[in-house]
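Structural description and commentary
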Amino acid sequence: MADTAPAAPTEAALRAALAESYLYLSRHGLLELNSGNVSCRFGDGILISPNGASAETIRPGSFVAVAADGSAAGSGRPSSETPMHLAVYARVPEAGAIVHTHSDHCTALACCGLGIPGFHYLVGGFGGDDIPCVPYATFGSAELAELAGAALARRKGCLLGNHGAICHDRDIAAAAARAHRLESIARQYLLARQAGTPLTLTAENWRDYHAMAAKFRYG
Ligand SMILES: [Zn+2]
């Protein structure tokens, strides 16, 4: 029998996974009050957390369907950062889901305009030898969407100047784990800066890392 592609998840399954990941991020302190938002691809558009979402009120039915042109297809108001999510999906075909947070350590670095250099090999899991920080732009603006879209076309995560962080991955569970990883790396980088001057991996170290990562499908 010929192999067949796995069936696409149903809308109900996507909504349940989004709600579960929202609560995972909240449990780990990555989403506080109503900061941050999550989304996944859904048909030609996306499902995204509603404006003003919080862990106390989020439900699978809370997520808002939005078409690729930004028009809301269902009831409820989508997150104010919907343009940023749509810009990433438009530029990054492999992005299946996106998580945006104001997690503490990412935000602390972003408020100093600091990206994360290749001080630890797990930085390489984001697709290069650093995790950049894009300049500040107003929340919800086309300018912020453009900056994040351009950065995430080259990396699986970046910091947003004076704002927070954003990550993409194949599905919402992987994107939530990536946002958690980014916060962990940001915390370790801040600690390393307090302990001394973090050393960065060399170009040769990165060549070896990426070769090993490809072998183990790591990242
Ligand atoms: Zn934000």
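Note that the structure is a prediction, hence the values are computed from the model and not measured.

Regular strands place their side chains on alternate faces of the sheet. Here strand β6 (residues 157–160) shows two buried faces, one formed by G157 and L159 and the other by C158 and L160. For strand β5 (residues 133–134) and β6, the ladder comprises two bridges, and the chain directions are parallel. Bridged to V134 within β6 is L160. As for the winding sense of the linkage, the β-α-β connection from β5 through helix α4 (residues 142–152) to β6 is right-handed. Sheet topology note: the β6/strand β7 (residues 164–169) ladder contains four bridges and is antiparallel. Its bridge partner lying in β7, L159 is registered against A165.

With that settled, consider the UniProt feature "domain: Class II aldolase/adducin N-terminal" (unreviewed entry) in the protein chain. Per the UniProt annotation, the sites labelled "domain: Class II aldolase/adducin N-terminal" (unreviewed entry) are residues 16–190. A distance of 34 Å separates the end C-alpha atoms of residues 16–190, which is 34% helix and 17% strand.

Now for the nonpolar core. Here is a general trend for soluble globular proteins: nonpolar side chains tend to be buried in one another's company. Ranked by size, the top nonpolar core spans 40 residues in total, and within it L25, V38, V99, I116, L159 and L182 carry the most contacts. Counting only elements with at least two residues in this core, the list comes to α1 (11–27), β1 (37–42), β4 (97–101), α3 (104–111), β7, α5 (172–195) and α6 (203–216). Looking at which element gives the most residues to this core, the answer is α5, with nine residues. Leaving out residues up to four positions away in the same chain, V99 has contacts with L25, N37, V38, A165, I166, C167, I172, A175, A176 and A179. Counting residues in hydrophobic clusters, the runner-up holds 22 residues, among them I46, V66, V134 and C158.

Looking at the zinc ion, the protein donor atoms are H100 (NE2), H102 (NE2) and H163 (NE2), and they sit 2.1 Å from it. Read in sequence order, the donor residues coordinating the zinc ion give the pattern H-x1-H-x60-H. Judged by its relative accessible area of 1%, H100 is buried. What makes H102 partly exposed here is its relative accessible area of 31%.

Note on sheets: strands pair through backbone hydrogen bonds, and any given pair is parallel or antiparallel. In spatial order, the strands read β3-β2-β1-β4-β7-β6-β5; together these seven strands make up an open sheet with mixed pairing. Because the sheet does not close on itself, it has two edges, and the strands there are β3 (64–66) and β5. Sheet topology note: the β1/strand β2 (residues 45–48) ladder contains four bridges and is antiparallel. Across the sheet, residue R41 finds its bridge partner in β2, namely I46. Strands β5, β6 and β7 of the sheet are contacted by α3, whose axis makes an angle of about 60° with β6. Most of the contacts of α4 go to β6, to which it runs at about 150°, and overall it touches β5, β6 and β7.

Rules and cut-offs
Residues numbered from 1 in each chain as written. Predicted model: local features only at pLDDT ≥ 70, side-chain atom pairs only at ≥ 80, totals over all residues. Heavy atoms only, no water. Buried < 20%, exposed > 50% of the residue type's maximum accessible area, 1.4 Å probe, protein only. Helix = DSSP H or I, 4+ residues; strand = E, 2+ residues; numbered from the N terminus. Pairing = 2+ DSSP bridges. Right-handed = clockwise from strand over helix to strand, strands pointing away. UniProt positions renumbered as here; feature names shortened; annotations may be inferred. Core = buried A, V, L, I, M, F, W, Y, C linked by side-chain atoms within 4.5 Å. Contact = heavy atoms within 4.5 Å. Donors = N, O, S within 2.8 Å, 3.2 Å for Na, K, Ca; no water. Axes fitted to C-alpha atoms, helices over the stretch in contact; angles between N-to-C directions.

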